[in-house]
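Chains, contacts and geometry: an overview
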Amino acid sequence: PPPPADLLSWDEAYARANETLSRMTAPLLHISGLCEGDFANGLLLQEEPDQHNGAAVYGAAGYYLFRQLGCGGGGRDAARWVFGAQSLYAAGCAAEVYVDVPSDSGPPLGTHSWRVRCKKGQQTAAVTLTEMQGGEKMTLLKGVGWEMGQWWYEVRKWWYTGNTVPIRRLGVPSLKFHDSGGGFRTTWSDIVGTATAFPSMLAMAATWDEDVVREYAAAVAWEYKGKGANGVLGPVADLIRTPFAGRSFECISGEDPYLGSRLIGAYVEGVQIRGVFAVVKHWVFNQQETERGTSSSVVDDQTAWELYYPPFQAAVDAGVSGVMCSYNKIDGVHSCSNEESFKVLRDGLKFRGFTQTDWWGSHSVGLSEGLDQEMPGAGSGVPYHPEFRAAPSLATEPAELLDASARRVLAVMHRSRLMEEPGCSPPYCEAEFRLNVTTPEHLELARRSATRSIVLLKNDAAVLPLAAESAPTIAVVGAGAAGGPFFT
């Protein structure tokens, strides 16, 4: 393992964030009007350092806008501006997504009739290319990497659970969040077996052991870093209040806020000492999966501070980088749009990092309420989960709100020293995803942690009416009794 990361202080991180923010002045190009459901709709294209055919090239997320000369039927006096994946970059006269313009013109700003290739074949579409001031800041505040699949949303291959586009001009890398707190999620079948299957976070709660949890978290973060990710979407700080909660296995607090407070601090320290940042979730009062997007939690202040806030306070005290808001409502207002709840987080718990939605958890742009980042950024134009952080919406927000949110994201990046070790940027992370990051030491730790999580109840003073003579056989009932161990 590498030596422990030397995290910056929050004050130094914010000083560096302000300096980076002051240089975010280049306008980006926003593209829209492509085929319905096209992944590239809404991308903010940055000017690349290299030119092509004497003209600027603009790109983002593996897509490029560039000029081809001698195309479009006008000979040397015509040019074709092409938009597409990198494989089109060196093509002759592209025939998929393009518009023909005079050869001496710059990128075709405004709305033009483009030829596009949609599911129904080649057709004409009114594609709009807009110069977007503040686009570099917007890039930090919205995710990319997901699209509508055949039945539901899917993350693109070789993309992480959550992603932002890098700003190469300023040396700002991609944010690459991945699931989950209990280990790197092997999203596709061809990478299964390349990460350690650690015990669940609920099992780690049952160890009652801060040292083991800290060691466990550091191992998880080490594997994340090897896989190219720089952010862990965890730990879960919610208390288990019902056995029917579908995500109880992720809760390191179990049912006990004091236990959670002790273990969550150790977990956050273990992750972030590896130069990977942690995002604690789900803020707050997120206790059930049933109707999770419409149910409303009503909690009085004393109960909130005695039961539900302490695990989050412990994460903040340990220097956690991000807080993910939850799907549920709080007093009738969705968590990710709840100004009062965000005030408690920042003013009451003294949290200094950035906030982000649970995936498709936003119900408004949310900047004025305290929300910094929308994830995963997909769904624009899809009725199930509209994207509230589309660039035209962000462009109408007050500049000071954009600056404040971008500053908080940048502070986390500087504090974790991500600029010094940027790593890959999706979609060019296949090698990292395929890398086998498990080790004999991690397998031993996984077994040792699982063993520590098994709690043996002693029948001291014969409290339970059990004795070898009267009960030679004990039945263990349920699906778990027949379940075998899981190995990678």
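Summary of the structure given here. Not measured: the values here are computed from a predicted model.

What counts and what doesn't
- Think of each chain on its own: its residues are numbered from 1, step by step along the sequence as written.
- Under the rules for a predicted model, residues below a pLDDT of 70 receive no local features and side-chain atom pairs below 80 are neither given nor counted, while totals for whole chains, interfaces and linings still include all residues.
- Side-chain numbers come from the whole structure's heavy atoms, not from hydrogens or water.
- Two strands qualify as a pair provided DSSP detects at least 2 bridges between them.
- Only runs of H or I of at least four residues qualify as helices and only runs of E of at least two qualify as strands under DSSP, and these elements are numbered from the N terminus.
- Cysteine sulfur atoms are paired as a disulfide whenever they fall within 2.5 Å.
- Three exposure classes are used, based on accessible area relative to the maximum for each residue type with a 1.4 Å probe and protein chains only: buried under 20%, partly exposed in between, and exposed over 50%.

Re the sheet that holds strand 13 (residues 231-232)
One open sheet holds the 6 strands; their spatial order is 11-12-13-14-16-19, and the pairing between them is mixed. Two strands close off the open sheet at either side, each with one partner strand: strand 11 (162-163) and strand 19 (354-356). Sheet topology note: the strand 11/strand 12 (residues 176-178) ladder contains 2 bridges and is antiparallel. In the strand pairing of strand 12, asparagine 163 is matched with lysine 176.

Some points on the state of the cysteines
Throughout the structure, instances matching the rule amount to 3 disulfides. Sulfur-sulfur distance for the disulfide between cysteine 35 and cysteine 118 comes to 1.8 Å. An S-S torsion of about -85 degrees defines the bridge between cysteine 35 and cysteine 118 as left-handed. In this pair, cysteine 35 sits in the loop between strand 1 (28-32) and strand 2 (44-52) while cysteine 118 sits in strand 7 (residues 110-118), placing the two residues 83 residues apart along the sequence. Given the relative accessible area of 18%, cysteine 118 is considered buried. A sulfur-sulfur separation of 2.0 Å characterises the disulfide bridge that pairs cysteine 325 with cysteine 336. Every disulfide takes its handedness from the sign of the S-S torsion; for cysteine 325 and cysteine 336 that torsion is 110 degrees, giving right-handed.

Quick look at the sheet that holds strand 15 (residues 296-297)
Here we have 3 strands laid out as an open sheet, ordered 15-17-18, and mixed in their pairing. Of all strands in the sheet, those with a lone pairing partner are strand 15 and strand 18 (333-334), marking the two edges.

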